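Below are the chains, spelled out letter by letter.
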Amino acid sequence: MGKIFLIVCTIILSVNSYAQNELWGVSTYGGNQYGTIYSFATGSNTISSQFDFIGPHVGEGPVGDLIIASNGKMYGLTRFGGVYGCGIIFEYEPATGGYLKKYDFQQPTGRYPSGSLIEVANGVFYGMTDWGGANDLGTIFEYNLNTNSYTKKIDFNGTNGSRPHGSLLKASNGKIYGCAYEGGNFSAGTLFELDIATNSFQKKIDFTGNGASPYNASNPLGDLLEVNSLELYGLSYGGLGTIFKYDINLDTCITVFNFDGAAHGKNPSGSLMKASNGKLYGTTSQGGLSNSGVIFEFDYFSNTCINKFDFFTNGINPGTNPQGHLTQAPDGNLYGTTTSGGSNASWAVGVFFKFNITTGAYSKIMDFNVIDGAHPSSLINGPNNKLYGMTGSGGMSYSGVLFDYDPLANVYSKKIDFSDVIDGETPQGGLVRASNGKLYGMTSTGGVHNGGTLFEFDPVTRIHAKKFDFVDSYGFINRPNALLIEALPGKLYGVTPYGSSLGSGFSGTIFEYNFLTDTFIEKFAFPTTGQFGFSPSGSLFKHSNGKLYGTTYGGGT
């Protein structure tokens, strides 16, 4: 605590009284390296950090699927971003749209997570990384939401497998199963078992990949699926790809179908799902008539596979190269995404589609694009019969998005833009307590456009909300660095030293933010030549005559 106190006190810019026994302020650095909101209790002489500005550490490049935990909230992973650039665990509240980073991955305990989280007990999640750990070959980890603690459970070492790409599965016997894409005795991947009660790990299968029975599958991808009690099915990517079955009781693995290229597709890179008709469905990333992938149906009683739809490229381009898994929505249809293709020639970055398992009809719902999200992953069923998914790139910061889709209303809605700079960083100028009892301040950098943000903090609920991203229509950053003032009830005024919506002949603005209506208005732009000066510096001051006064850093006669 002493170290934090020294950091904060040496760089404090201003402190505003919130209550008789508390002082509140911001620090330019410290916390998560990008500044904090903190409070100081005068009675006990104690400093408490209330909010850390995350800056470029929110996470980017979401991977795998969202999961709905027992608390009703969604949890997911990003492959990059975070404090160490190695990905994060995040929480999303569908009802309120609240987003919260929970953990930063780093090299010693696992980096670059793959697949999805699974909840093995109330608030206890397991997942995998395909890099990092003692051997930099990947890890299995546990994250406990109840204690906000992360524990590395297993280091992959090559012999027991390496580079796991899919998700873990908790089988009906209470143990966890998964696959590693590489490693093992034949360098073709492994299937393993983890007893979470004893933390004992066993490699069960070495995939050979050489056509030798019974383990001729190689490089398994995606998730395992428990179809019957203690019978696990999965997909392998190597060669042309296979469907394989692992019997937990017999400890045997057999190939039940070999993909052949043109007729049934090849190289499945996602996971199987079991539909309401009792059959398994999946996609291949390549193969089929146009070598763009297929939707297939597998009957595990007869071990027969049927090609149900060929992805292809033409004027209406229904998408190419599907990955991930299909999801059956409450309307009975299967929904899925492709990672490329689509009708928009400029942004051929995947499509969102629907497949009717009864009629075999395929319908493209929408073409993804850079702004709405690009290169989508799989979908899950969420609240209110909506489907939720993520894209690996695209969005406002090209770092991916989180979206939902209402099948009944046929409405797609982007909910979160993943970003390196979502909350802003380097707060300057201090805080002001407004007439609504909340605190307001600004950051000089960060935000969607890296031009700074205006934020609100409720000291009662400890909720932080970004209210505005500074940027002008020409893309010039504004970088506010002074204190806001409430000159009229509900209206905050401030200055920015750079930029204006009027163009390159102006440098700096006076602006108004109305927190009652959540609206931002540029009130005056400083021209770079003339009598007014430019680049206003410092805070505005309200005189008893009701007018505001301030100074500029440059310009004038």
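Just so you know, these numbers come straight off a predicted model, no measurement behind them.

Peer 1: How do you make sense of the overall build of the chain when you look at a structure like this?
Peer 2: Secondary structure assignment for the chain yields one helix and 43 strands. Residues counted as buried form 55% of the 557 residues belonging to the chain. For the chain, contacts bridging at least 24 residues in sequence account for 40% of all contacts bridging at least 6. Of the roughly 22,200 Å² of accessible surface on the chain, 51% is carried by carbon and sulfur atoms.

Peer 1: Can you help me understand the pattern of salt bridges in this one?
Peer 2: Pairing between side chains of opposite charge can happen when the charged atoms of each approach one another. For the coordinates displayed, the defined rule picks out 15 salt bridges. One salt bridge in this structure joins Lys415 and Asp404, with 3.9 Å as the shortest N-O distance. With Lys415 in strand 33 (residues 411-417) and Asp404 in strand 32 (residues 401-406), this pair connects stretches of sequence that are 11 residues apart. Ionic pairing is found between Glu456 and Lys438, a salt bridge with its closest N-O pair at 3.5 Å. Of this pair, Glu456 sits in strand 36 (residues 453-458) while Lys438 sits in the loop between strand 34 (425-433) and strand 35 (439-445), and the two are 18 residues apart along the sequence. Linked through salt bridges whose partners overlap, the residues forming this network are Lys386, Asp404 and Lys415.

Peer 1: Looking at this model, I keep getting lost on the sheet that holds strand 38 (residues 485-488). Mind explaining?
Peer 2: Sheets are built from strands paired through backbone hydrogen bonds, the pairs being either parallel or antiparallel. The sheet built from four strands is open, its strands ordered 38-39-40-41 with antiparallel pairing. What marks the edges here is a single partner per strand, and that holds for strand 38 and strand 41 (519-527). Each strand of the sheet is rotated relative to its neighbour by a mean of 30°, with strand direction disregarded. As paired elements, strand 38 and strand 39 (residues 491-496) share three bridges and run antiparallel to each other. Bridge assignment links Ile485 to a residue of strand 39, and that residue is Tyr493.

Peer 1: Is there a simple way to think about the layout of surface pockets in this case?
Peer 2: By rolling a water-sized probe across the atoms, one finds the places where empty space is left. In this structure, the second largest pocket occupies an estimated 610 Å³ of space. Forming the walls of the second largest pocket are 29 residues, and the residues nearest its centre are Gly64, His165, Ser269, Gln323 and Gly324. Broken down by secondary-structure element, the contributors of at least two residues to the lining of the second largest pocket are strand 5 (60-68), strand 9 (111-121), strand 17 (220-228) and strand 30 (374-381). Class assignment for the residues of the lining of the second largest pocket results in six nonpolar, 19 polar and four charged.

Peer 1: How should I be thinking about the sheet that holds strand 8 (residues 98-104) in this particular structure?
Peer 2: The four strands are arranged 5-6-7-8 in an open sheet whose pairing can be described as antiparallel. Of all strands in the sheet, those with a lone pairing partner are strand 5 and strand 8, marking the two edges. Looking at each pair of strands side by side, their axes are set apart by 25° on average, direction ignored. Sheet topology places strand 7 (residues 88-93) next to strand 8; six bridges connect them, and they run antiparallel. Each residue of the ladder has a partner; that of Glu91, found in strand 8, is Leu100.

Peer 1: How do you make sense of the pairing of strand 19 (residues 242-247) when you look at a structure like this?
Peer 2: Along any regular strand, the residues point their side chains to alternate faces of the sheet. With six of six residues buried, strand 19 lies mostly within the body of the structure. In the sheet, strand 18 (residues 231-236) pairs with strand 19 via six bridges, with the strands oriented antiparallel. By the bridge assignment for strand 19, Glu231 is matched with Asp247. Alignment of strand 19 against strand 20 (residues 252-258), held across six bridges, turns out to be antiparallel. The residue bridging Lys245 from the neighbouring strand is Ile254, located in strand 20. Taking the residues that link successive antiparallel strands as the turn, the strand 19-strand 20 hairpin has four residues, and the phi of Asp251 there is positive, at about 55°.

Peer 1: Quick question: what am I supposed to make of the confidence of the model for the chain here?
Peer 2: Where the model shows low pLDDT, its predicted coordinates should not be examined in detail. When pLDDT is averaged along the chain, the result is 85; 86% of the residues meet or exceed 70. This stretch, residues 1-20, has a pLDDT under 50; its non-local contacts, to residues over four places away or in other chains, come to 44 contacts.

Peer 1: Help me understand unusual backbone geometry, please; the structure alone is not making it clear to me.
Peer 2: Working note: non-glycine residues mostly have negative phi, and peptide bonds are mostly trans. Positive phi values are uncommon outside glycine, yet Asn291 reaches one of about 55°. Mapped onto the fold, Asn291 is located in the loop between strand 22 (280-284) and strand 23 (294-299). Its identity is not glycine, yet His375 carries a phi of approximately 55°, on the positive side. Mapped onto the fold, His375 is located in strand 30.

Peer 1: Can you help me understand the packing of aromatic side chains in this one?
Peer 2: Under the definition given, this model contains 39 aromatic pairs. Note on Phe470 and Phe520: the rings are 5.7 Å apart at their centroids and 85° apart in plane angle, and the pair reads as edge-to-face. Of this pair, Phe470 sits in the loop between strand 37 (463-469) and strand 38 while Phe520 sits in strand 41, placing them 50 residues apart in sequence. By relative accessible area, Phe470 is classed as buried at 2%. Relative to Phe532, the ring of Phe524 lies with its centre 5.4 Å away and its plane at 70°, an arrangement referred to as edge-to-face. The class for Phe532 is partly exposed, based on a relative accessible area of 46%. Taken together, Tyr335, Phe352, Phe368, Phe403, Tyr405 and Tyr412 form an aromatic cluster joined through their ring pairs. The ring of Trp131 carries Arg163 above its face, with NZ or CZ at 3.4 Å from the centroid.

About the cut-offs
- Residues numbered from 1 in each chain as written.
- Predicted model: local features only at pLDDT ≥ 70, side-chain atom pairs only at ≥ 80, totals over all residues.
- Heavy atoms only, no water.
- Helix = DSSP H or I, 4+ residues; strand = E, 2+ residues; numbered from the N terminus.
- Buried < 20%, exposed > 50% of the residue type's maximum accessible area, 1.4 Å probe, protein only.
- Contact = heavy atoms within 4.5 Å.
- Areas by Shrake-Rupley, 256 points an atom, 1.4 Å probe, with all protein chains shown as cover.
- Salt bridge = Lys/Arg side-chain N within 4 Å of Asp/Glu carboxyl O.
- Pairing = 2+ DSSP bridges.
- Axes fitted to C-alpha atoms, helices over the stretch in contact; angles between N-to-C directions.
- 1 Å grid on protein atoms, 1.4 Å probe; cavity = no way out; pocket = protein on both sides within 12 Å on 5 of 7 lines; lining within 4 Å.
- Points joined across faces, edges and corners; volume = space filled by probe spheres on them.
- Nonpolar A, V, L, I, M, F, W, Y, C, P; charged D, E, K, R; others polar.
- pLDDT = per-residue confidence, 0-100.
- Phe/Tyr/Trp six-rings, centres within 6.5 Å; stacked < 30°, edge-to-face > 60°.
- Lys NZ or Arg CZ within 6 Å of the ring centre and 35° of its normal.

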